[in-house]
Amino acid sequence: MTKLATNSIYCGYEKQIVLKDISLEIPDKKITSMIGPNGSGKTTLLKTLARILLPENGSVHINGEDINTLNTKSVAKKIASLSQKNNVINGLSVAEIVAYGRFPYQKSFAGLQKEDHELIQWALEVTGLLELKQRTLNTLSGGQQQRVWIAMALAQDTDILILDEPISSLDPAHQLEILYLLEDINRQGKTILMTIHDLNHAAQFSDYIIGLKQGQLILKGEPQEVFTAERLLELFDIQPEVVLSKKNQKPFILSYDLVRS
Ligand code: ADP
């Protein structure tokens, strides 16, 4: 079990505090989605949780330990984090990119060990990339590229995966393919935390929802509690029509409109 939590964090950039007084616990072994308007601080919060940004005040904890007292490699053995824009590493094969996930475990000059190869193989298998492993990234479709990044994060063998908008540039079928893949990965015992714009995807695929607005945590809870007309109005200033899906009884937004006075 790996517990990730924040205790009253304030965090931002040189001239601006973005996150204000955020205390939360990311549920272990669940899928949590973070929602909120553009600029509300979602990416900033993910980066703070992954120790890419340091809070000005307050703390982030893994299993009760302040993340800022841990070294980079020990954090990287607990949390794998994928940002919105991953650098395209030209000329490297899929297998070589996935092997980067083993970096936190490398002892200098020792090269990849048996366990590393096994984990790389497993990550390629889970993400359906075995047949593409010799291809270079620039020859793959957007959905395949996204699977390569997820495979690299899986090879890192962490309990927690943090993904910033993992499906934002994909077509509907490939979006679902990635969401089902994340669901499978979650069933294998991993905690997933992601940002997502499509509210219906968030409702369908998440166990827990976090809502940020102007850097403040304004809602948290299971999709059934959070996806109500009142709460979505509060978070996004929209008037939605929410029903329960016949398929799985989860909330489903049929339509929404701007609030008109
Ligand atoms: P979201 O992910 O919800 O769209 P962000 O966390 O990206 O929100 O941004 C929150 C606020 O922080 C915005 O006002 C944005 O302009 C600002 N911000 C984001 N990244 C930086 C940065 N590198 N330097 C300065 N300000 C930033």
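Residues numbered from 1 in each chain as written. Predicted model: local features only at pLDDT ≥ 70, side-chain atom pairs only at ≥ 80, totals over all residues. Heavy atoms only, no water.

Chemist: Talk me through the packing of aromatic side chains; I want residue IDs and the actual numbers.
Modeler: For any pair of aromatic rings, geometry is given as the distance between the ring centres together with the angle between the planes. A complete count under the given rule lists one aromatic pair for this structure. The interplanar angle of 70° and the centroid separation of 5.4 Å between the aromatic rings of Tyr-180 and Phe-205 together place this pair among those described as edge-to-face. Of this pair, Tyr-180 sits in helix H6 (residues 172–187) while Phe-205 sits in helix H7 (residues 199–205), and the two are 25 residues apart along the sequence. Note on Tyr-180: relative accessible area 43%, which makes it partly exposed. Residue classification places Phe-205 among the buried positions, given a relative accessible area of 9%. Positioned above the aromatic ring of Phe-103 is the side chain of Lys-73, whose terminal nitrogen or guanidinium carbon lies 5.6 Å from the ring centre. Looking at Arg-102, its charged tip hangs above the ring of Tyr-105, at a distance of 4.0 Å from the centre. (Phe/Tyr/Trp six-rings, centres within 6.5 Å; stacked < 30°, edge-to-face > 60°. Helix = DSSP H or I, 4+ residues; strand = E, 2+ residues; numbered from the N terminus. Buried < 20%, exposed > 50% of the residue type's maximum accessible area, 1.4 Å probe, protein only. Lys NZ or Arg CZ within 6 Å of the ring centre and 35° of its normal.)

Chemist: Can you break down the pattern of salt bridges residue by residue, with the values?
Modeler: If you walk through the whole model with that rule in mind, you get eight salt bridges. Between Glu-25 and Lys-3 there is a salt bridge whose closest N-O contact spans 3.8 Å. Of this pair, Glu-25 sits in strand S2 (residues 16–26) while Lys-3 sits in the segment before strand S1 (4–13), and the two are 22 residues apart along the sequence. For Arg-187, the salt bridge is made with Asp-184, and the minimal N-O distance between the two is 3.7 Å. With Arg-187 and Asp-184 both in helix H6 and three residues apart, the pair spans about one turn of that helix. Where salt bridges share partners, they join Glu-183, Asp-184 and Arg-187 into one cluster. (Salt bridge = Lys/Arg side-chain N within 4 Å of Asp/Glu carboxyl O.)

Chemist: A description of unusual backbone geometry should follow, citing residues and the corresponding values.
Modeler: Positive phi outside glycine occurs at Asp-157, with the angle close to 55°. For Asp-157, the position within the fold is in the loop between helix H5 (142–155) and strand S7 (160–163). Residue Asp-237 is not a glycine yet carries a positive backbone phi of 55°. Considering the arrangement of structural elements, one finds Asp-237 in the loop between helix H9 (229–236) and strand S11 (238–244).

Chemist: Quick rundown of the domain arrangement of the protein? Include the residues and the values.
Modeler: The assigned domain composition of the protein is domain 1 (1–78 + 158–236) and domain 2 (87–157). Taking only C-alpha atoms, the centre of domain 1 and the centre of domain 2 are 24 Å apart. Counting residues at the interface gives 19 residues for domain 1 and 16 residues for domain 2. Of the roughly 1,400 Å² buried where domain 1 meets domain 2, counting both sides, 66% is carbon and sulfur surface. Summed over the shared surface of domain 1 and domain 2, the result is one salt bridge. For Glu-177, the salt bridge identified is with Arg-147, shortest N-O distance 3.0 Å. (Domains from an automatic or database assignment. Contact = heavy atoms within 4.5 Å. Buried area = accessible area lost by both parts, 1.4 Å probe.)

Chemist: Residues and numbers for the layout of surface pockets, please.
Modeler: Of the voids in this model, the largest pocket is the one considered here, and its volume is about 480 Å³. If you trace the largest pocket, you find 19 residues lining it, with Thr-72, Ala-76, Ile-79, Ser-81 and Gln-156 closest to the centre. Secondary structure elements with two or more residues in the lining of the largest pocket: helix H2 (72–76), strand S6 (79–82) and H5. A per-class count over the lining of the largest pocket returns twelve nonpolar, five polar and two charged. (1 Å grid on protein atoms, 1.4 Å probe; cavity = no way out; pocket = protein on both sides within 12 Å on 5 of 7 lines; lining within 4 Å. Points joined across faces, edges and corners; volume = space filled by probe spheres on them. Nonpolar A, V, L, I, M, F, W, Y, C, P; charged D, E, K, R; others polar.)

Chemist: Tell me about the site of the ligand, residues and numbers included.
Modeler: Around the ligand sit Tyr-13, Gln-16, Val-18, Pro-37, Asn-38, Gly-39, Ser-40, Gly-41, Lys-42, Thr-43 and Thr-44, and those are all the residues in its vicinity. Within the side chain of Gln-16, one N or O atom sits 3.4 Å away from an oxygen atom of the ligand. Gly-39 is positioned such that a nitrogen or oxygen atom in its backbone is 2.7 Å from an oxygen atom of the ligand. Calculation on the ligand without its partners gives an accessible area of 570 Å², and the protein chains cover 59% of this total. Of all elements in the fold, only S2 and helix H1 (42–49) reach the threshold of two or more residues within the shell around the ligand. In terms of residue count, the dominant contributor to the shell around the ligand is H1 (three residues). Per-class residue counts for the shell around the ligand are three nonpolar, seven polar and one charged. (Near = heavy atom within 4 Å. Polar contact = N/O pair within 3.5 Å; in protein donor to acceptor, adjacent residues only side chain to side chain. Areas by Shrake-Rupley, 256 points an atom, 1.4 Å probe, with all protein chains shown as cover.)

Chemist: Break down the nonpolar core for me, with residues and values.
Modeler: Grouped together as the largest cluster of nonpolar side chains are 48 residues, with contacts concentrated most on Val-98, Ile-150 and Phe-227. Top element by residues in this core is H5. It accounts for eight residues. Counting only domains with at least three residues in this core, you end up with domain 1 (1–78 + 158–236) and domain 2 (87–157). What Ile-150 contacts, discounting residues up to four positions off in sequence, is Leu-82, Thr-127, Leu-163, Ile-178, Leu-181, Leu-182 and Ile-185. The next biggest cluster of nonpolar side chains, apart from the first, holds 26 residues, and it includes Ile-26, Leu-49, Leu-193 and Leu-212. (Core = buried A, V, L, I, M, F, W, Y, C linked by side-chain atoms within 4.5 Å.)

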